[in-house]
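Listed below are the residues making up each chain.
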Amino acid sequence: MASVEAPAAPLVRLDRVRKEFGAVVALQEVSLEVGAGEIVALVGDNGAGKSTLVKMIAGVHQPTSGEIVLDGKPVRLANPNDSRRQGIEVVFQDLALADNQPVYMNMFLGRELVRGPLRRLDRARMATETQQLLDDLDVRIPSPRATIRDLSGGQRQGVAIGRATHWAQRLVLMDEPTAALGVQETARVEEIILRMRDRGRAILIVSHSLDQVFRISDRICVLRRGAQVGVRETAGTSGDEIVALITGLR
Amino acid sequence: MALHEPSTDTSPATGSDPSGSLLARMRRIDPRSYVVYLAFLLILAFFAVTLQDDGFLTSTNLLNIVKQTAPVSVMAVGLVFVLSAGEIDLSIGSVVALAALVAAIVLRDHGLVLGVLAGLGCGVGVGVLNGFFTTALRLPSFLVTLATMGLVAGIARWTTDLEAVAVTNQTFVNVFGSGKVGPVPVLVLWTLGVVLVGHFVFRHTRFGAHVLAIGDNASAARVTGIHVDRVRLAVLVISASAAALGGLLYAGRVQGATYTLGTSDLLIAIAAVVIGGTRLFGGSGSVVGALVGSLIMGMLTNGLILMGLDSNQQMVAQGALLLLAISLTLREPRGR
Ligand SMILES: Nc1ncnc2c1ncn2[C@@H]1O[C@H](COP(=O)(O)OP(=O)(O)O)[C@@H](O)[C@H]1O
Ligand SMILES: [Mg+2]
């Protein structure tokens, strides 16, 4: 296995992480680092274990063995709230948005802003902050008070990514964030991902599109049937090499 | 008109309030959310004209309508929470009877305070029971509350042997029935109080936002850290407790309780809530709309009686009008 120099301060380090579901070994011994301002792509065939890896860092599953290390400290992520408290946010494949609620409510879902002794929802401030954040990322929506179901697929994904960026102090996990999008919308979402990286977030992205992986990632981690078969600097590898690693054919 | 065209450049105007102009706000209002107010005015106008000589539009009669609908209005407020969370509570009609009977009996034997507490306690208890089976055992609230509807109605009949229980405690009758504060009947005050508190909690607290989020997309709510099961339990306790208060209001108004109280109220309350703009499948709702929906239902009953329809004819007319109202308020826009 090729080992690649990691950046000076890896925010997140996986140390020989393994996951079994009963008799099924979904992941065997994956070691990976993601640094601040870095995009690492996770590729592999269906069933390779990509989602399982993401879910372990998201606190949905717990490793059978091995460690997840944040800023040098091993952590136990027993549930999604643990992960969130550690500054890790996930952009889910099936957009975790509430369709009939306004954009700003989705942005602050579970962490709504309140004011006054009665702890009234501060809708105005949530709307203003949502507008600022989406402006920063150049996500264009008609209004932060628009209802999610009135937005396009790209706008929705923009909102989901905006939410992750807003709350993620450390790491944003993305599981095929553009799988359901058209060409133009994909390009917009990629721009948003790059801007998120520029703001110093570490990003781990699962993608089926090698073109996309080569457009935006700094490093590529290849999984095959639960095994980590290689990590490459994107600039120093080729599509052919990655395809060979994914399929196991030379 | 060009000024009013939706702008194709969706980047926000710099420095403007993100809520947008009044016009932009008005464009975002779902027409279905104000149909109920329109329907209210139309029905009011219709009866005012056709029943001109029968005293429909007298203040006494209008106040009567509000007083008669008080229990249903209170139940409707609770139901807004349940439906908005994507759940349902079919047990509320039975809870009305049980709470009224238990309150009447305990009131007679142990006094006012314990009577009221026991009545409301029935609501909390049934709500917790519904919530436990719905959350801990992951059963659909539709089936759980269908079962407790029968269970609770059975207890109400069994414990009283189908006998009516009279309420003679004058304080109770004043507070929950025929009393007035100044010129305002207490039943009107109870309605207003419950609607105001309900509206505040629903519209202006984090809890209300969580109720809506869960009804909209429970897994999305869960991954953002909302305690989905706690909220589900809470809405079921709220609706059963509201129904128990409705039972007390009945007991106060008719100065007694029987197992038949509230039996027809479940459907009327659901109709009121749904006409009032609450989605039957969760994710959006309105407490004020539910009050207006409840007043519409009360107005229909009252108007149809004044028109001289017997109760069978009333049922037919109510059903037909309900279909009309639902078509107007609930029709999903095409292509969604
Ligand atoms: N909750 C689970 N229980 C049992 N097996 C699972 C579970 N989740 C994933 N797996 C198995 O783990 C393997 C990897 O799955 P997954 O991580 O979803 O792959 P990918 O996202 O790369 O397509 C598959 O064989 C899958 O069947
Ligand atoms: Mg997957």
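This structure is a prediction, so every number in the text was calculated from the model and none was measured.

Attention now moves to the interface of chain B and chain A. Contacts between the two partners involve 25 residues from chain B, matched on the other side by 35 residues from chain A. Summed over both sides, the interface between chain B and chain A buries roughly 2,600 Å², with carbon and sulfur atoms accounting for 53% of that surface. Among the salt bridges present, the one from Arg-206 of chain B reaches Glu-112 of chain A, with a minimum N-O distance of 2.9 Å. At the junction of chain B and chain A, the tally comes to eleven residue pairs in polar contact (both at pLDDT 80 or more).

What follows deals with the pattern of salt bridges. Residues and elements named next belong to chain A. In this structure the tally under the stated criterion is 22 salt bridges over all chains. Asp-122 is the salt-bridge partner of Arg-115, the closest N and O atoms lying 3.6 Å from each other. Under the relative-accessibility criterion, Arg-115 is labelled partly exposed at 43%. Each member of the salt-bridge network shares a partner with another, and the members are Arg-115, Asp-122, Arg-125 and Glu-129.

This part takes up the site of ligand 1. All names here are of chain A. All residues in the neighbourhood of ligand 1 are listed as Phe-21, Ala-26, Asp-45, Asn-46, Gly-47, Ala-48, Gly-49, Lys-50, Ser-51 and Thr-52. Contact between ligand 1 and Gly-47: an oxygen atom at 2.7 Å from a main-chain N or O atom of the residue. Expressed as a share of its isolated accessible area of 560 Å², the protein-covered part of ligand 1 is 59%.

Glancing now at a nonpolar patch on the surface. Residue and element names in this part refer to chain B. Together, Leu-129, Phe-132, Phe-133, Leu-137, Leu-139, Leu-151 and Ile-155 give the surface a local cluster of nonpolar side chains, amounting to about 560 Å² of exposed area. Sorting the residues of the nonpolar patch by element identifies helix 5 (112–135) and helix 6 (141–160) as the ones contributing at least two each. A total of three residues in the nonpolar patch trace back to one element, the largest contributor, which is helix 5. Among the structural elements, Phe-133 can be located in helix 5. Classification of Phe-133 by relative accessible area gives partly exposed; the value is 30%.

Applying the stated rule across the entire model yields eight aromatic pairs over all chains. A centroid spacing of 5.9 Å and a plane angle of 90° characterise the contact between Phe-108 of chain A and Trp-167 of chain A, whose relative ring orientation is edge-to-face. Linking Phe-108 of chain A in the loop between helix 3 (103–107) and strand 7 (114–115) with Trp-167 of chain A in helix 5 (residues 153–167), this pair joins segments that are 59 residues apart in sequence. Through a chain of ring-to-ring contacts, three or more aromatic side chains come together here, namely Phe-46, Phe-47 and Phe-56 of chain B.

Moving on, we come to the pairing of strand 10 (residues 202–206) of chain A. Residues and elements named next belong to chain A. The element strand 10 is extensively covered by neighbouring structure, given that five of its five residues are classed as buried. Residue alternation in strand 10 divides its side chains into two sets, Ala-202, Leu-204 and Val-206 and Ile-203 and Ile-205, and both sets are buried. Both strand 9 (residues 171–175) and strand 10 contribute to a ladder of five bridges, which runs parallel. When the sheet's bridge partners are listed, Met-174 is paired in strand 10 with Ile-205.

We now examine helix 4 (residues 92–110) of chain B. Residues and elements named next belong to chain B. In this model, helix 4 (19 residues) spans 26 Å end to end at C-alpha, consistent with the 27 Å of a helix rising 1.5 Å per residue. Within helix 4, 14 of the 19 residues are buried, which leaves the element mostly enclosed by the surrounding structure. Of the residues flanking the end of helix 4, it is Gly-111, one or two places downstream, whose phi is positive at about 95°.

Let's shift gears to the confidence of the model for chain B. A residue-level look at chain B finds 87% of positions with pLDDT of 70 or above and a mean pLDDT of 88. Counting interchain partners and residues more than four positions distant, the pLDDT-below-50 stretch residues 1–19 of chain B has 18 contacts.

Attention now moves to the packing of helix 8 (residues 186–204) of chain B against helix 13 (residues 287–306) of chain B. Residue and element names in this part refer to chain B. Between helix 8 and helix 13, the least distance of the axes is 8 Å, while the angle of their chain directions is 150°. When the axis of helix 8 is compared with that of helix 13, the two are roughly antiparallel. Contacts between helix 8 and helix 13 involve Thr-191, Val-195, Gly-198, His-199 and Phe-202 on the former and, on the latter, Val-287, Val-288 and Leu-291.

Thresholds, definitions, all that
Residues numbered from 1 in each chain as written. Chains lettered and ligands numbered in written order. Predicted model: local features only at pLDDT ≥ 70, side-chain atom pairs only at ≥ 80, totals over all residues. Heavy atoms only, no water. Contact = heavy atoms within 4.5 Å. Buried area = accessible area lost by both parts, 1.4 Å probe. Salt bridge = Lys/Arg side-chain N within 4 Å of Asp/Glu carboxyl O. Polar contact = N/O pair within 3.5 Å; in protein donor to acceptor, adjacent residues only side chain to side chain. Buried < 20%, exposed > 50% of the residue type's maximum accessible area, 1.4 Å probe, protein only. Near = heavy atom within 4 Å. Areas by Shrake-Rupley, 256 points an atom, 1.4 Å probe, with all protein chains shown as cover. Patch = residues over 30% accessible without salt bridge, like charges linked within 9 Å, V, L, I, M, F, W, Y side chains within 5 Å. Helix = DSSP H or I, 4+ residues; strand = E, 2+ residues; numbered from the N terminus. Phe/Tyr/Trp six-rings, centres within 6.5 Å; stacked < 30°, edge-to-face > 60°. Pairing = 2+ DSSP bridges. Expected span 1.5 Å × (residues − 1). pLDDT = per-residue confidence, 0-100. Axes fitted to C-alpha atoms, helices over the stretch in contact; angles between N-to-C directions. Parallel < 35°, antiparallel > 145°, perpendicular 65-115°, else oblique.

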